[in-house]
Amino acid sequence: DIVMTQSPDSLAVSLGERATINCRSSQSVFYSSNNKNYLAWYQQKPGQPPKMLFYWASTRESGVPDRFSGSGSGTDFTLTISSLQAEDVAVYYCQQYYYTPPITFGQGTRLEIK
Amino acid sequence: EEQLVESGGGLVQPGGSLRLSCAASGFTFSSYWMTWVRQAPGKGLEWVANMKQDGSETFYVDSVKGRFAISRDNAKNSLYLQMNDLRAEDTAVYYCARPSGNTMTGYPYWYFDLWGRGTLVTVSS
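If you're wondering where the values come from, they're calculated on a predicted model, not measured in any experiment.

**Some details on the overall build of chain A**
Thought 1: On a plain count of helices and strands, chain A comes out with zero helices and 13 strands.
Thought 2: For chain A, the α and β elements follow one another from N to C terminus as β-β-β-β-β-β-β-β-β-β-β-β-β.
Thought 3: Taking 114 residues into account, the globule formula puts the C-alpha radius of gyration at 13 Å, and chain A, at 13 Å, falls close to it.
Thought 4: Counting only C-alpha atoms, chain A reaches 40 × 25 × 20 Å along its principal axes.
Thought 5: Within chain A, the proportion of its 114 residues that are buried is 47%.
Thought 6: At a minimum sequence separation of 6, the contacts of chain A that also span at least 24 residues come to 56%.
Thought 7: When the accessible surface of chain A is totalled, it reaches about 5,200 Å², and 43% of it is carbon and sulfur.

In structure tokens, the structure reads:
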């Protein structure tokens with residue numbers, strides 16, 4: 001099974017500052033035949049279900065603010081929030097969908113306001 | 001509006017059974033594979049099971065194989081999860097989720113663009 005490891009487990013960032021969350025997969029999730037990374041990012045606010053932010057590692061889901069960006073390839077990926085807003089407080093998860101089943105998620109990164 | 005609404009959760013004793021339901025609306029349910037994902041209290045997300053559009057193919061996480069059964073009724077736009085021989089470690093919020101549309105292989109890309117709000121299952125004596 002592919003193991004997804006996020007870092008850090010928790011993060012406190014000041015409003016307006018940059019937040020960076022990392023995700024590493026135990027095997028590459030890049031498929032050379034279509035030049036795509038099979039990696040998604042989700043945001044989960046307290047008491048709510050997850051909400052997809054990105055798929056293909058960097059394709060932003062409709063309605064997601066452009067202060068959010070996804071990057072990386074192969075085994076190393078990053079979710080960046082360029083200017084943290086109060087409403088961005090949440091737990092963020094990465095998920096690989098290349099080697100399935102099983103579909104696997106990272107353990108989550110809790111983002112708070114400093 | 002596309003929507004998934006789960007129901008059927010509750011308190012059950014170890015070894016007991018429970019059947020969860022997920023009602024879909026606002027999209028063509030019969031065109032999509034469907035998925036159950038769970039989240040133990042204070043923990044991360046765990047994929048549980050998938051079912052193909054016509055019910056002919058299913059996948060399960062190893063920890064529930066032989067105990068859980070995913071099913072669907074396309075006429076009722078509903079997805080189900082029959083959970084038997086429940087254990088304390090099955091305690092979680094269970095989410096119904098929709099993966100992307102089909103690719104040419106007949107399988108979707110397994111990222112989830114629609115989630116329900118979940119239903120809580122508590123296994124305790």
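**A short note on the overall build of chain B**
Thought 1: Broken down by element type, chain B carries zero helices and 11 strands.
Thought 2: N-terminal to C-terminal, the α/β element order of chain B is β-β-β-β-β-β-β-β-β-β-β.
Thought 3: For chain B, the C-alpha radius of gyration of 14 Å lies close to 14 Å, the compact-globule estimate for 125 residues.
Thought 4: Projected onto its principal axes, the C-alpha positions of chain B cover 45 × 30 × 30 Å.
Thought 5: Relative to its 125 residues, chain B shows a buried fraction of 47%.
Thought 6: Partitioning the intrachain contacts of chain B with sequence separation of at least 6 by distance along the chain shows that 56% fall at a separation of at least 24.
Thought 7: Accessible area for chain B stands at about 5,600 Å²; split by element, carbon and sulfur atoms hold 47% of it.
Thought 8: Each charge class in chain B was averaged separately, 11 positive and 12 negative side chains, and the resulting centres sit 2 Å apart.

**Here's the deal with the sheet that holds strand S3 (residues 19–25) of chain A**
Residues and elements named next belong to chain A.
Thought 1: Here we have four strands laid out as an open sheet, ordered S1-S3-S10-S9, and antiparallel in their pairing. Sheet topology places strand S1 (4–7) and strand S9 (68–73) at the edges, where each strand pairs with a single neighbour. With strand direction ignored, the average angle separating the axes of adjacent strands in the sheet is 20 degrees.

The rules behind each value
Residues numbered from 1 in each chain as written. Chains lettered and ligands numbered in written order. Predicted model: local features only at pLDDT ≥ 70, side-chain atom pairs only at ≥ 80, totals over all residues. Heavy atoms only, no water. Helix = DSSP H or I, 4+ residues; strand = E, 2+ residues; numbered from the N terminus. Rg over C-alpha atoms; globule rule 2.2 N^0.38 Å. Buried < 20%, exposed > 50% of the residue type's maximum accessible area, 1.4 Å probe, protein only. Contact = heavy atoms within 4.5 Å. Areas by Shrake-Rupley, 256 points an atom, 1.4 Å probe, with all protein chains shown as cover. Lys, Arg positive; Asp, Glu negative; His and termini not counted. Charge placed at Lys NZ, Arg CZ, Asp CG, Glu CD. Pairing = 2+ DSSP bridges. Axes fitted to C-alpha atoms, helices over the stretch in contact; angles between N-to-C directions.

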